[in-house]
Amino acid sequence: MTQNEDRKMVAALLREREGYVRRGQDDRVRQVDEQLAYYGYEPEQADETGPEGRATAPMETADGDGAAEERRGRGRPRKPRDAEGNIVRE
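Peer 1: Which residues make up the nonpolar core, and what values go with them?
Peer 2: General note: in soluble globular proteins, nonpolar side chains tend to be found buried as a group. Core analysis: the largest hydrophobic core is formed by six residues, namely Val10, Leu13, Tyr20, Val29, Val32 and Leu36. Of all elements in the fold, only helix 1 (3–23) and helix 2 (26–38) reach the threshold of two or more residues within this core.

Here it is, written out as structure tokens:
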């Protein structure tokens with residue numbers, strides 16, 4: 001491989017590694033680290049405290065997910081449903 005192809009591979013492996021770190025798949029992270037070492041890349045020992053500015057996970061809203069979806073206003077409006085969840089036709 002050329003040096004340019006190696007850089008592209010390292011960049012792709014770093015993106016892959018980031019996804020595994022977020023999902024907590026430590027075994028996959030180790031496998032990607034082995035591939036990174038093969039290409040001559042050594043990951044920096046970063047502080048694993050998480051993103052700056054967020055100390056805890058976001059809290060759920062008091063009115064539930066349905067209200068949050070309504071506030072976003074994305075997509076088509078929800079159709080009216082009965083107690084069993086069937087769409088009500090008028």
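This is not the end of the story, as more comes after the structure.
Peer 1: Account for helix 2, naming residues and giving values.
Peer 2: Residues lying three or four places apart along an α-helix face the same way, a consequence of the helix completing one turn every 3.6 residues. With 13 residues, helix 2 should reach 18 Å at 1.5 Å per residue; the first-to-last C-alpha distance of 19 Å fits that figure. Inspection of helix 2 places Val29, Val32 and Leu36 among the buried residues, and these make up the whole buried set. The buried residues of helix 2 occupy an angular sector of 65 degrees when the element is viewed end-on, so they sit on one face. Set apart from the buried face of helix 2 by more than 90 degrees, the exposed residues are Arg30, Glu34 and Tyr38. For helix 2, the elements touching its buried residues are helix 1. At the exit of helix 2 stands Gly40, carrying a positive phi of roughly 85 degrees.

Reading the values: rules and limits
Residues numbered from 1 in each chain as written. Predicted model: local features only at pLDDT ≥ 70, side-chain atom pairs only at ≥ 80, totals over all residues. Heavy atoms only, no water. Core = buried A, V, L, I, M, F, W, Y, C linked by side-chain atoms within 4.5 Å. Buried < 20%, exposed > 50% of the residue type's maximum accessible area, 1.4 Å probe, protein only. Helix = DSSP H or I, 4+ residues; strand = E, 2+ residues; numbered from the N terminus. Expected span 1.5 Å × (residues − 1). Arc of directions from axis to C-beta. Contact = heavy atoms within 4.5 Å.

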